[in-house]
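Listed below, chain by chain, are the residues.
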Amino acid sequence: MNRRILFAGLIATLIAGSAAIGHVGNPGQAGRAGAQAPAEMPRAVRRDVPMTNAIRKAFDAGTRDRTGRPGASYWQLQTDYTISVRLDPATQTLTGTETIALKNNSPDPLPQIVLRLDHNIFRPRVPFASSWVPGEITDGMVLTKLAVNGEAADLTAAPTTGRAGTAGSGRLSASSLDKTVATINLPSPIQPKGQATLEIAWRTKLPSSPGSGHRMVQRFDDTLFQPTQWFPRVAVYDDLRGWDRNLYLGPSEFYNNFGRFDVRIDVPGGWLVSGTGVLQNPEQVYTAKARERLSHVLESNETITIVGDDEVGPGQATMPGERLVWHLVADQVNDFAWATAKKYTLRATRATVPGKGPIPIYMVHRPEMARSYNTAGDIARHAVEFYSKLWAPYPFPQLTLQDGPSAGMEYPMVINSNAGAADHETGHQWWPMMVSNNETWYGWMDEGFNQYMNILSDADAAGRAPNLNGQGQSYGRTSGSEDEAPMMWNANYGGPTYSFTTYGKTPLMLSMLGGVVGDENVQRAMSNYAKTWAFKHPSPWDYIFFMNAELKQDLNWFWYYWLWTTEAVNGKIENVTTAGTRTTVIVRQDGEMPSPVVLRVKFAETGAPLKPMANAKIDGNSALVTWPVDVWFTGSRTFQAVLDFGGRAIQSIQLDPGCRFPDRDASDNVWPRAAGSGQAAAGPQPPTQRQGSCAG
């Protein structure tokens, strides 16, 4: 709102004298003679979105722009990993070596490299979120070798404390190797468009299943392991904030570079391995019988057994040998996870991706968990096929469901899930595995989108149309809580409403957006967004501006109130009067978030013919009448919605009939009021009806 308008309103209040100043439906009468009720100040509706220094810098550099698309100068790092790792079940330890080819596609020289060492969260005296229970204390991720471009760092030397962004003391050194985020200071910067090669050797113990609120659930005793965040990773360096130095605190998720993974996993013979990436050496690890069964997976939607419950140990579950090395390769992925067990059953089916054809869906599970996986393949197939049509074709060559202590986590081509979370976790293959947002900052851009699309998938699987009515309105019962952080708050510090802010609120937001522009338009725009930002790192501003452009509306008012505030609309029908053929509905909004005015008007079955209104859609004996959100931009909290349909008697009126706009109390959205629900309507009174339910 313009400050001049607010100032004028204040001056009018001060000089009003004995004149009553009020709004329609608020005459401003005082309780005692001569006193005047204070005037209601205009509502200052914000119609832009806050711009941080980070996004301004990106716009200035041309890496992003206000179309919401990647700018002409957009770039991102690439990190390619070659990893060899050995599992020792007796000590629950991984021992590995890796070579990382870091390609500096940025225009900046990089005097430092930041490493993510998530397993150090299990070390004592390392920060973690209060909602996480550590479970088991370990030595964390212990680096035994670190070299850059062939020069070895002295891991026993005292760490340097060079200023962030500098090259430290001019020699190769590392600091904070006992934390979840470490820094390598380089003797000379990696030049723009240059490359560096890192060589790292490390070991880490895979903890037993930790307490609640943690992403890293690793093993069952010494017979089943689900390694995640299990190798040293190069952090993201992007055009917004440079190096991502957010600590790993437990509940929040990740932000990773894309690259190629070439991984060799050494496990005992007889142990099956699954994971991100396509198996390169099936003839060395699978028996001839298993390989023959695998050759039929893509022939039908039937689920077939590849390694059965009774096939156990070297020579039965796998090829003979005391130990076997499984070689997996994945291109253009942002992480790598795997699982292995002394006794896994392996089953498989297929999904058919539109425009791509069939891909295999694998399931590895303990024999006693068969019931939890009996329908998992069907659910995952539906998810792959449905989301491929909804957003973009599934981008990976396969999908695997892995059994273990983690039953709800996602990685590229891999979901640690049984049937219970199969749809949700499969959905994550689109966000963030394909469209890779910063989950640590903005969890709503992957978890929230996923919760929204799960509603659509569930309806499709049940053979019914999705119903998003009621979702947006329900936020009114949460709005105003002092515990709730805005969605643009860093998810790492989300506090007690982390789950709602990250998961639950986005479907409510997109429900309201559908109430403004139509659900099909929302989904079409998001499909184009997914295709545009595939295998890139969009920010919230990219999403906002892309959606505005696709929907051909300036929706910044909408994004501001949903993402940067915890406000609601809190609308109501304040009064209804009729004069001749015209009925005037006084609509009021007590909240700070504006919305369009949408009225469902139901008429008597007989009477004068219904006359059209330009902003109304007539359907039989009812009409849906809409005024745009702009009616609130002058600052008034009340709006006179004038109905003139030619004199036919009106039986009822409902505000926000789709129940899309956040509202603490929807009982005042109907006229006439239900008995005992508040102010009675003025004018002719038709028979009292029950409160209106959500309608399309």
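None of these values were measured; they are calculated from a predicted model.

A. Quick peek at the state of the cysteines. Tallying each qualifying case throughout the model produces one disulfide. Between the sulfur atoms of Cys 659 and its disulfide mate Cys 694 the distance is 2.0 Å. Between Cys 659 and Cys 694 the disulfide shows an S-S torsion of about -110 degrees. By sign, it is left-handed. Of this pair, Cys 659 sits in the loop between β31 (650–655) and β32 (670–671) while Cys 694 sits in the segment after β32, placing them 35 residues apart in sequence. Overall, Cys 659 belongs to the buried group, its relative accessible area being 4%. For Cys 694, a relative accessible area of 37% puts it in the partly exposed group.

B. Spotlight on helix α12 (residues 540–551). Helix length check: α12, at twelve residues, gives a terminal C-alpha distance of 16 Å against a target of 16 Å (1.5 Å per residue), a fit within 8%. Of the surrounding elements, those touching the buried residues of α12 are α2 (53–61), α8 (447–461), α10 (498–517), α11 (519–532) and α13 (556–564). Positive phi appears at Lys 552, one or two residues downstream of α12, with a value of about 55 degrees.

C. Representation of the sheet that holds strand β11 (residues 233–234) within the structure. Pairing is antiparallel across the open sheet formed by four strands, whose spatial order is β6-β7-β3-β11. Each of the sheet's edge strands pairs with one partner strand only, and the pair in question is β6 (173–175) and β11. Bridge analysis of β6 against strand β7 (residues 181–190) gives three bridges, and the strand direction is antiparallel. Across the sheet, Ser 175 pairs through a bridge with Thr 183, a residue of β7.

D. Representation of the pairing of strand β8 (residues 195–205) within the structure. Where strand β2 (residues 93–103) meets β8, eleven bridges bridge the pair, whose relative direction is antiparallel. Its bridge partner lying in β8, Thr 99 is registered against Glu 199. The pairing of strand β4 (residues 141–148) with β8 spans seven bridges and is classified as antiparallel. Among the inter-strand pairings, Leu 143 is bridged to a residue of β8, identified as Trp 202.

E. A look at the packing of α12 against α13. Here α12 crosses α13 at 150 degrees, and the two axes come no closer than 10 Å. Looking at the two axes, α12 sits roughly antiparallel to α13. In the crossing of α12 with α13, the sense of the turn from one axis to the other is right-handed. Residues Trp 541, Tyr 543, Ile 544, Phe 545, Met 547 and Asn 548 of α12 touch α13, and the partners they reach there are Asn 556, Trp 559, Leu 563 and Trp 564.

F. Up close: the pattern of salt bridges. A full pass over the atoms with the stated rule returns 28 salt bridges. Across the salt bridge formed by Arg 366 and Asp 403, the nearest N and O atoms sit 2.8 Å from each other. Of this pair, Arg 366 sits in the loop between β21 (357–365) and α5 (370–373) while Asp 403 is found in the loop between β22 (399–402) and β23 (409–411), placing the two residues 37 residues apart along the sequence. A single burial state applies to Arg 366 and to Asp 403, both of which are buried. Several salt bridges share partner residues, and in doing so they unite Glu 40, Glu 574, Arg 588 and Asp 590 into one network.

G. Highlighting the confidence of the model for the protein chain. Here the protein chain averages 90 in pLDDT, and 88% of its residues register 70 or above. A low-confidence stretch, residues 160–168 stays under pLDDT 50, and its non-local contacts, those more than four residues away or across chains, total 19 contacts. Contacts from residues 678–691, a stretch scored under 50 in pLDDT, to residues over four places away or in other chains number 29 contacts.

H. Layout of the packing of aromatic side chains. Within this structure, the stated rule accounts for 42 aromatic pairs. When the ring of Phe 396 is compared with that of Phe 535, the centres are 6.3 Å apart and the planes differ by 80 degrees; the resulting orientation is edge-to-face. With Phe 396 in the loop between α6 (376–390) and β22 and Phe 535 in the loop between α11 and α12, this pair connects stretches of sequence that are 139 residues apart. Here Tyr 442 and Trp 541 contribute two aromatic rings whose centre-to-centre distance is 6.5 Å and whose plane-to-plane angle is 90 degrees, an arrangement assigned as edge-to-face. Placement of the pair is Tyr 442 in the loop between α7 (422–427) and α8 and Trp 541 in helix α12, with a sequence separation of 99 residues. Taking NZ or CZ as reference, Arg 233 lies 5.5 Å from the ring centre of Phe 254, over its face. Residue placement shows Arg 241 over the ring face of Trp 441; its charged tip is 4.0 Å from the ring centre.

I. Molecular detail of the environment of Phe 545. Positionally, Phe 545 belongs in helix α12. Taking C-alpha positions, Phe 545 is 8.8 Å from Leu 555, a pair spaced ten residues apart along the chain. Leave out the neighbours within four places in its chain, and Phe 545 touches Val 49, Met 51, Phe 59, Asp 65, Arg 66, Thr 67, Gly 68 and Asn 556.

J. Structural view of the nonpolar core. Among the nonpolar cores identified, the biggest contains 174 residues, and Trp 559 and Leu 599 are the most heavily contacted of them. For this core, the element with the highest residue contribution is α13, accounting for eight residues. Not counting the four nearest positions on each side in its chain, Leu 599 is found in contact with Val 585, Val 587, Ala 623, Leu 624, Val 625, Trp 627, Ala 641, Leu 643, Ile 653, Gln 654 and Leu 655.

K. Molecular detail of the pairing of strand β30 (residues 638–644). By the criterion of burial, β30 is predominantly enclosed, with five of the seven residues buried. Two elements, strand β26 (residues 582–589) and β30, share seven bridges in a ladder whose sense is antiparallel. Bridge pairing in β30 places Arg 582 opposite Asp 644.

L. Quick look at the side chain of Asp 244. By secondary structure assignment, the location of Asp 244 is in the loop between β13 (242–243) and β14 (259–268). Not counting chain neighbours up to four residues away, the residues in contact with Asp 244 comprise Val 114, Arg 116, Ala 235, Val 236 and Tyr 255.

M. Molecular detail of the side chain of Thr 276. Tracing the chain through its elements places Thr 276 in the loop between β15 (272–275) and β16 (278–279). One polar contact links the side chain of Thr 276 to the main-chain carbonyl oxygen of Pro 412, over a distance of 2.7 Å. Setting aside anything within four residues of it in sequence, one finds Thr 276 in contact with Leu 328, Ala 330, Val 333, Asp 335, Phe 336, Ala 337, Pro 412, Met 413 and Val 414.

N. Spotlight on the environment of Thr 82. Its place among the elements puts Thr 82 in strand β1 (residues 78–88). With a relative accessible area of 43%, Thr 82 lands in the partly exposed category. Sequence separation between Thr 82 and Ala 101 is 19 residues; the distance between their C-alpha atoms is 8.6 Å. With residues up to four places along the chain from it excluded, the contact list for Thr 82 reads Thr 97, Glu 98, Thr 99 and Asp 262.

O. Local environment of the packing of α10 against α11. As a packed pair, α10 and α11 sit with axes 7 Å apart at the nearest point and diverge in direction by 115 degrees. The angle between α10 and α11 places the two elements in the roughly perpendicular class. Along the contact surface, α10 presents Leu 510, Leu 513, Gly 514 and Val 517, while α11 presents Asp 519, Asn 521, Val 522 and Met 526. Partitioning the contact of α10 with α11 into residue classes produces five nonpolar, two polar and one charged.

P. Representation of the sheet that holds strand β28 (residues 616–619) in the model. With respect to topology, five strands assemble into an open sheet ordered β28-β29-β27-β31-β32, the strand pairing being antiparallel. The sheet is open, and its two borders are formed by β28 and β32, each paired with just one other strand. Relative to strand β29 (residues 622–627), strand β27 (residues 597–603) runs antiparallel, the two being bridged by six bridges. The residue of β29 that forms the bridge with Leu 599 is Val 625.

Cut-offs used in this document
Residues numbered from 1 in each chain as written. Predicted model: local features only at pLDDT ≥ 70, side-chain atom pairs only at ≥ 80, totals over all residues. Heavy atoms only, no water. Disulfide = S-S within 2.5 Å. Helix = DSSP H or I, 4+ residues; strand = E, 2+ residues; numbered from the N terminus. Buried < 20%, exposed > 50% of the residue type's maximum accessible area, 1.4 Å probe, protein only. Expected span 1.5 Å × (residues − 1). Contact = heavy atoms within 4.5 Å. Pairing = 2+ DSSP bridges. Axes fitted to C-alpha atoms, helices over the stretch in contact; angles between N-to-C directions. Parallel < 35°, antiparallel > 145°, perpendicular 65-115°, else oblique. Left-handed = near helix turned anticlockwise from the far one by under 90°. Salt bridge = Lys/Arg side-chain N within 4 Å of Asp/Glu carboxyl O. pLDDT = per-residue confidence, 0-100. Phe/Tyr/Trp six-rings, centres within 6.5 Å; stacked < 30°, edge-to-face > 60°. Lys NZ or Arg CZ within 6 Å of the ring centre and 35° of its normal. Core = buried A, V, L, I, M, F, W, Y, C linked by side-chain atoms within 4.5 Å. Polar contact = N/O pair within 3.5 Å; in protein donor to acceptor, adjacent residues only side chain to side chain. Nonpolar A, V, L, I, M, F, W, Y, C, P; charged D, E, K, R; others polar.

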